[in-house]
Amino acid sequence: MNILIIDELGKLLTAGFYSAKEGLISMIDHESFTPIDNNILPSTVNTRVVSRGPDHILLLDDTDRVWVYGHNNCGQLGLMGVSRLYCFQHICTLPPIKHISVGRYHSLALDYNGQVWISGYPNHIGKHIYTFSVVGNIPEIQYITAAGQTSLLISSDGDVLLSDDRKKCRFLNLKRVNYVLTEETTKPIIISGYMGGTWGNTNIMLIDNNGNVWEKLRSKQLFRQIRKLLPINSLSIGLDNVILLDFEGNIWVRGRNDYGQLGINSLKSYVKSFTK
């Protein structure tokens, strides 16, 4: 149970608790962020983007290389013949990557040509993919996110594509299905999400061009705006918690905190509203 953040020097920090017996990142149990051990991730790696699921992590460094870590039972690390990694490993088969995102059992990578690479077991493919492969039959993509076992893409034309569990191997344009975004959020700049979690009902969360945060609950079709926040620059949703970064450099957190994974001095096991 932890949160990962990147400091201004590109170093990866963590707060919360991991069991060394299970081969996870480090043995810490306190309410402050500490650097990842050099044996797990080389200190020479400067992190630009990090994305994590329940059992695996993808990292994008400042040279556009992808590093992977964790479980690989469904091929989500993009490595053949490996069940689990106890330290980060570079994926040398990928081209220079612009952005990454992970779901429950799959991983996405977006290259600079607008192609989406996928590995693992996403529902819309219907089969395991053990090495990163290009997703076909979709337009040029400018942004990606993996939400649970679902993938959500934004095309270069601004269309939002959602993978459809009912029709295998297909992405549906949200304009053509019964899944309506509010008018203010039709051109989001950031999307993140997770389908699952025992402590919350959030499905997908996004930031619009004005820095407003919107979320869609699993039981709803429309997004609702989260009030009383400063304009937000970026966000990330985990299984049981959410972390936001505003334009002034402040971090806002919400969700499960029983292992101190929110990095705040609170005795509450669950923080219901965003706290700076």
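> What's the story with the overall build of the chain in this structure? I'm lost.
In terms of helices and strands, the chain carries zero helices and 23 strands. The buried share of the chain, reckoned over its 276 residues, is 52%. Put simply, 41% of the contacts in the chain that link residues at least 6 apart link residues at least 24 apart. By element, 50% of the accessible surface of the chain is carried by carbon and sulfur atoms, the whole surface being about 13300 Å².

> Where do I start with the sheet that holds strand β8 (residues 97-102) in this structure?
Strands belonging to one sheet form pairs held by backbone hydrogen bonds; the direction of such a pair is parallel or antiparallel. Strands sit in the order β8-β9-β10-β11 across an open sheet of four strands; the sheet is antiparallel. Pairing within the sheet leaves two strands with one partner each, and these edge strands are β8 and β11 (129-134). Geometrically, the sheet is characterised by an average inter-axis angle of 15° between neighbouring strands, direction not taken into account. Of the strand pairs in this sheet, β8 and strand β9 (residues 106-111) are connected by five bridges, and their pairing is antiparallel.

> How should I be thinking about the pattern of salt bridges in this particular structure?
Where charged atoms from two side chains of opposite charge come close, those side chains can pair. For the coordinates displayed, the defined rule picks out three salt bridges. The shortest N-O distance in the salt bridge between Asp64 and Arg48 comes to 2.7 Å. Of this pair, Asp64 sits in the loop between β5 (56-61) and β6 (66-71) while Arg48 sits in strand β4 (residues 47-52), and the two are 16 residues apart along the sequence. Since its relative accessible area comes to 35%, Arg48 is described here as partly exposed. Between Asp61 and Arg65 there is a salt bridge, with its nearest N and O atoms 3.0 Å apart. A relative accessible area of 1% means that Asp61 is categorised as buried. The class for Arg65 is partly exposed, based on a relative accessible area of 34%.

> What am I meant to see in the sheet that holds strand β22 (residues 251-256) here?
On the basis of which strands lie adjacent, the open sheet formed by four strands has the order β20-β21-β22-β23 and antiparallel pairing. Looking at the sheet topology across the chains shown, the edges are occupied by β20 (232-237) and β23 (270-275). Here the average twist between neighbouring strands, direction ignored, is 15°.

> Whenever I open this one, the confidence of the model for the chain confuses me. Can you help?
Low pLDDT means the predicted atomic positions in that stretch should not be read closely. On average, residues of the chain score 76 in pLDDT, and 71% of them reach the 70 mark or higher. Strand β16 (residues 190-193) is the least confidently modelled element of the chain, averaging 46 in pLDDT, while β6 averages 95, the highest of any element. Low pLDDT (under 50) marks residues 17-30, which in the prediction has 37 contacts with non-local residues, meaning those over four places away or in another chain. Below pLDDT 50 for its whole length, residues 175-199 participates in 78 contacts with residues either more than four positions away or in separate chains.

> Would you take a moment to explain the nonpolar core for this structure?
General note: in soluble globular proteins, nonpolar side chains tend to be found buried as a group. With 16 residues, the main nonpolar core has Leu58, Val66, Val68, Ile91, Leu94, Ile97 and Ile100 as its most contacted residues. Those elements giving two or more residues to this core turn out to be β5, β6 and β8. Ranked by residues supplied to this core, first place goes to β8 with three residues. The residues contacting Ile97, other than those within four sequence positions of it, are Arg48, Leu60, Asp64, Val66, Ala109, Leu110, Asp111 and Tyr112. Residues Leu4, Val45, Val50 and Trp67 belong to the second largest nonpolar core, which totals twelve residues.

> Would you take a moment to explain unusual backbone geometry for this structure?
In this model, Asp64 sits at a positive phi of 70°, which is unusual for a non-glycine residue. Given the relative accessible area of 19%, Asp64 is considered buried.

> Explain the environment of Arg84 to me, please; I cannot follow it from the model alone.
Following the sequence through the fold, Arg84 ends up in strand β7 (residues 84-90). Sequence spacing of Arg84 and His71 is 13 residues, and the spatial spacing of their C-alpha atoms is 4.4 Å. Within the structure, Arg84 has its side chain in polar contact with the side chain of His71 (distance 3.5 Å).

> Just to check I follow, could you spell out the side chain of Asp61 for this structure?
Secondary-structure assignment places Asp61 in strand β5. In contact with Asp61, other than residues within four places in its own chain, are Val45, Asn46, Thr47, Arg48 and Trp67.

> Just checking my understanding: could you explain the side chain of His99 for this structure?
Here His99 is to be found in strand β8. The exposure class assigned to His99 is buried, which follows from its relative accessible area of 15%. Polar side-chain contacts of His99 include one of 3.4 Å to the side chain of Tyr143. What His99 contacts, discounting residues up to four positions off in sequence, is Val49, Leu60, Leu108, Ala109, Leu110, Tyr143 and Ile144.

> Help me out: how do you make sense of the environment of Ile5 in this one?
By the secondary structure assignment, Ile5 is in strand β1 (residues 2-6). Separated by 238 residues in sequence, Ile5 and Ile243 place their C-alpha atoms 9.3 Å apart. In this structure Ile5 touches Lys11, Leu12, Leu13, Phe33, Ile243 and Ile251, once residues within four positions along its chain are discounted.

Quick notes on the rules
- Residues numbered from 1 in each chain as written.
- Predicted model: local features only at pLDDT ≥ 70, side-chain atom pairs only at ≥ 80, totals over all residues.
- Heavy atoms only, no water.
- Helix = DSSP H or I, 4+ residues; strand = E, 2+ residues; numbered from the N terminus.
- Buried < 20%, exposed > 50% of the residue type's maximum accessible area, 1.4 Å probe, protein only.
- Contact = heavy atoms within 4.5 Å.
- Areas by Shrake-Rupley, 256 points an atom, 1.4 Å probe, with all protein chains shown as cover.
- Pairing = 2+ DSSP bridges.
- Axes fitted to C-alpha atoms, helices over the stretch in contact; angles between N-to-C directions.
- Salt bridge = Lys/Arg side-chain N within 4 Å of Asp/Glu carboxyl O.
- pLDDT = per-residue confidence, 0-100.
- Core = buried A, V, L, I, M, F, W, Y, C linked by side-chain atoms within 4.5 Å.
- Polar contact = N/O pair within 3.5 Å; in protein donor to acceptor, adjacent residues only side chain to side chain.

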